Amino acid sequence: MILIVDDNQNNIYSLKRLLESRDFQVDTANSGEEALGKALKNNYALIILDVQMPDMDGFEVAETFAGYSKTKEIPIIFLSAVNTEKRFITRGYASGGIDYVTKPIDPEILLLKVKTYYNLQEQNLAMKKTQQSLELEVKGRRESQVSMKSRIDYFHLMLEALPQIAFTLNEEGKVDFVNARWYEYSASDKEFPETHPDDPNIQEEFELCRKMGKALDLEVRIRNRGSGDYRYHLLRMSPVHEGNTLKNWVGTFTDIEDQKKVEKEKDEFLSIASHELKTPLTSIKAYIQLLERKLKLDDSCSEAGFVTKALTQIEKLNTLINDLLDVSKIENGKLKINKKPANLETVIHNSIETILQTHEENNIRIERHGTKPDMIMPFDEIRIEQVLINFLSNAIKYSPKKQHIIVTTFVDDDEVKVSVTDFGIGIPDFKQEAVFSKFYRVEESSLQFQGMGIGLYICSEIIKQHHGTIGLSSKINEGSTFYFTLPLH
Ligand code: ADP
């Protein structure tokens, strides 16, 4: 909008019409005071100011405008009929005008000037606005940088307080922060601690996980710089995401040396105890069998029943001890697989027969589905039978109401898949992966059903050694399907 300031109404009227004919918005004031009041309230792009006015002349008005921050930037064109001499024109410029037009006015020239100054002022204002918003943005960024820095400092402070070795890595996988404990195991804040020659290389393991954007979980022995000893640590490195982008990594080394020692002692005890139990049990079994033969018992007499029951219990104890021995063999890397060409279908058939015979009283129905793997392939017959019997006995044990089992096989060019389905109590989703861990039992079923939680652990080790896969799908109260695959070649 343009403000015309003149004490003469005729002048205002004709100038207003001229400007409005070119679509300019116009406001008017009859005196310097009125002009100042309006200019402080409204936003004007240009002021056309008459020089000769009573009370305050145009120069005084312009000088007053220059004293207010809101008005000092508004361009002023002076109009004068009387003061056309050079000194007045000079005063006009000195008091803040950008042009001095003398009367009589050439309307075309005045309009051109008004248009030019008007546009210039518009551009000026637009530039100012951009500058202001840029300044705001810079300020905002600076503030968020400061708050980010204080957040990072706080985070580092927390990492320092941890009892573990803690560190962070940038998105390229370079270590960029380590807490004080790090230096107990590494001399440089750029290099991981030295690992035991028999343990995996941390940098290589991390690179593998980094490529897949996955967390790393690793048990490694690292060398303490003070004592020179290697101590077991659990290394965990997790990616930190912001939205979908990987920002950096955070890692910890937790000292698990003491736990490892206890675990080792426990494994040693297990191994010794199961070995020691095995010998007397074998003798007990032999003596009872001898007794059975010597007494030549009639099947219908109660003594014969006692002897059979004693032998069944001895067999159960024998299986338990064998399982414990297997666990200690796995721990010591001594569970050996003896692969020989054999027929898998025969092994499946034998396992089903064994289960039916040993669970005669349960009235079990086992259905056989799928393509039969009636072919010769390399695997350890005894160990695979052990896996199948374990799957089948679990299927019976954990299905107290419905003794219906389905054994399904699937053969393709590369592998054979064998699965055992039951309609029992099922396993909650979040506990399914854990059932293959050593001594793990699902809480909900551990009180109702007997067991040690090692059967599936041994199965998974046997299948791993065959380079196959093992897994399950299960729904609570509907049943479970446990499967394993064996490669054909
Ligand atoms: P155990 O049966 O001696 O406890 P396993 O290693 O064979 O040990 O099984 C581990 C756990 O997995 C069991 O304690 C049980 O909670 C669960 N589980 C195994 N098989 C089944 C099944 N077919 N249905 C439901 N739960 C099962």
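These numbers come from a predicted model, not from an experiment.

**Things to note about the sheet that holds strand β2 (residues 26–29)**
Turning to step 1, where the next piece is worked out: Strand order in the open sheet made by the 5 strands is β2-β1-β3-β4-β5, with parallel pairing throughout. The open sheet is flanked by β2 and β5 (99–102), the only strands paired with a single partner. Looking at each pair of strands side by side, their axes are set apart by 20° on average, direction ignored.
Turning to step 2, where the next piece is worked out: Two strands pair when backbone bridges link them, and strand β1 (residues 2–5) and strand β3 (residues 46–50) are joined in this way by 4 bridges, in the parallel orientation. Looking at β3, one finds that I4 is bridged to I48.
Turning to step 3, where the next piece is worked out: Helix α5 (residues 107–161) rests against β1, β3, β4 (76–80) and β5 of the sheet, and its axis sits at about 165° to β5.

**Section: the packing of helix α10 (residues 381–397) against helix α12 (residues 455–465)**
Turning to step 1, where the next piece is worked out: Closest axis-to-axis distance for the α10/α12 pair is 10 Å, and the angle between their directions is 145°. In the packing of α10 onto α12, the handedness of the crossing is left-handed. Here R383, I384, Q386, V387, N390, F391 and N394 of α10 lie close against α12, whose contacting residues are G455, L456, I458, C459, I462 and I463.
Turning to step 2, where the next piece is worked out: Classifying every residue of the contact of α10 with α12 by side-chain character gives 8 nonpolar, 4 polar and 1 charged.

**A short note on the sheet that holds strand β7 (residues 175–178)**
Strand pairing in a sheet relies on backbone hydrogen bonds. The paired strands run either parallel or antiparallel.
Turning to step 1, where the next piece is worked out: If you walk across this open sheet you meet the 5 strands as β7-β6-β10-β9-β8, and the pairing is antiparallel. Edge positions in the open sheet fall to β7 and β8 (216–223), since each of these has one partner strand only. This sheet shows a mean twist of 25° between the axes of neighbouring strands, independent of strand direction.
Turning to step 2, where the next piece is worked out: Docked against the sheet, helix α6 (residues 202–212) engages β6 (165–169), β8, β9 (230–242) and β10 (245–255), running at close to 170° with respect to β8.
Turning to step 3, where the next piece is worked out: Each of β8, β9 and β10 touches helix α7 (residues 257–295); the most contacted strand, β9, lies at about 120° to it.

**Description of the domain arrangement of the protein**
Turning to step 1, where the next piece is worked out: Taken domain by domain, the protein holds domain 1 (2–129), domain 2 (162–255), domain 3 (260–331) and domain 4 (340–487).
Turning to step 2, where the next piece is worked out: Taking the mean C-alpha position of each, domain 1 and domain 4 sit 97 Å from one another.

**Topic: the pattern of salt bridges**
Turning to step 1, where the next piece is worked out: Taken as a whole and judged by the stated rule, the model has 26 salt bridges.
Turning to step 2, where the next piece is worked out: E73 is the salt-bridge partner of K128, the closest N and O atoms lying 3.5 Å from each other. Of this pair, K128 sits in helix α5 while E73 is found in the loop between α3 (58–66) and β4, placing the two residues 55 residues apart along the sequence.
Turning to step 3, where the next piece is worked out: D99 serves as the salt-bridge partner of K113, at 3.1 Å between the closest nitrogen and oxygen. Of this pair, K113 sits in helix α5 while D99 sits in strand β5, and the two are 14 residues apart along the sequence.
Turning to step 4, where the next piece is worked out: Among the residues examined, D99 registers a relative accessible area of 7% and is labelled buried.

**What about the environment of D57?**
Turning to step 1, where the next piece is worked out: Here D57 is to be found in the loop between β3 and α3.
Turning to step 2, where the next piece is worked out: Its relative accessible area of 23% is what places D57 among the partly exposed residues.
Turning to step 3, where the next piece is worked out: The sequence separation of D57 and D6 amounts to 51 residues, and the corresponding C-alpha distance is 9.9 Å.
Turning to step 4, where the next piece is worked out: Beyond its immediate sequence surroundings of up to four residues, D57 is in contact with V51 and R91.
Turning to step 5, where the next piece is worked out: Reaching out from D57, the side chain makes a polar contact with the backbone nitrogen of F59 at a distance of 3.1 Å.
Turning to step 6, where the next piece is worked out: A polar contact of 2.9 Å, which involves the side chain of D57, links it to the backbone nitrogen of E60.

**Looking at the UniProt feature "modified residue: 4-aspartylphosphate" (unreviewed entry) in the protein**
Turning to step 1, where the next piece is worked out: The UniProt entry lists D50 under the feature "modified residue: 4-aspartylphosphate" (unreviewed entry), expressed in the numbering used here.
Turning to step 2, where the next piece is worked out: In this structure, D50 sits in strand β3.
Turning to step 3, where the next piece is worked out: For D50, a relative accessible area of 4% puts it in the buried group.
Turning to step 4, where the next piece is worked out: Residues in contact with D50, not counting those within four places in the same chain, are V5, D6, D7, G58, L79 and K103.

**Section: unusual backbone geometry**
Turning to step 1, where the next piece is worked out: Note the cis peptide between K103 and P104, where omega equals 0°.
Turning to step 2, where the next piece is worked out: Looking at the element boundaries, P104 is found in the loop between β5 and α5.
Turning to step 3, where the next piece is worked out: Residues other than glycine seldom take positive phi values, yet F439 does so here, at roughly 60°.
Turning to step 4, where the next piece is worked out: Inspection of the secondary structure puts F439 in the loop between β15 (415–421) and α11 (443–446).
Turning to step 5, where the next piece is worked out: The backbone phi angle of N477 is positive, close to 65°, even though this residue is not glycine.

**Notes on the site of the ligand**
Turning to step 1, where the next piece is worked out: Near the ligand there are 21 residues, and of these N394, Y398, D422, R441 and L456 occur at the shortest range.
Turning to step 2, where the next piece is worked out: Note that a nitrogen atom of the ligand is positioned 2.9 Å from one of the side-chain N or O atoms of D422.
Turning to step 3, where the next piece is worked out: Note that an oxygen atom of the ligand is positioned 2.8 Å from one of the backbone N or O atoms of L456.
Turning to step 4, where the next piece is worked out: Secondary-structure elements contributing two or more residues to the shell around the ligand are α10, α12 and β17 (479–487).
Turning to step 5, where the next piece is worked out: At 3 residues, the largest contribution of residues to the shell around the ligand is made by α10.
Turning to step 6, where the next piece is worked out: Residues belonging to the shell around the ligand are distributed by class as follows: 10 nonpolar, 8 polar and 3 charged.

About the cut-offs
- Residues numbered from 1 in each chain as written.
- Predicted model: local features only at pLDDT ≥ 70, side-chain atom pairs only at ≥ 80, totals over all residues.
- Heavy atoms only, no water.
- Pairing = 2+ DSSP bridges.
- Helix = DSSP H or I, 4+ residues; strand = E, 2+ residues; numbered from the N terminus.
- Axes fitted to C-alpha atoms, helices over the stretch in contact; angles between N-to-C directions.
- Contact = heavy atoms within 4.5 Å.
- Left-handed = near helix turned anticlockwise from the far one by under 90°.
- Nonpolar A, V, L, I, M, F, W, Y, C, P; charged D, E, K, R; others polar.
- Domains from an automatic or database assignment.
- Salt bridge = Lys/Arg side-chain N within 4 Å of Asp/Glu carboxyl O.
- Buried < 20%, exposed > 50% of the residue type's maximum accessible area, 1.4 Å probe, protein only.
- Polar contact = N/O pair within 3.5 Å; in protein donor to acceptor, adjacent residues only side chain to side chain.
- UniProt positions renumbered as here; feature names shortened; annotations may be inferred.
- Near = heavy atom within 4 Å.

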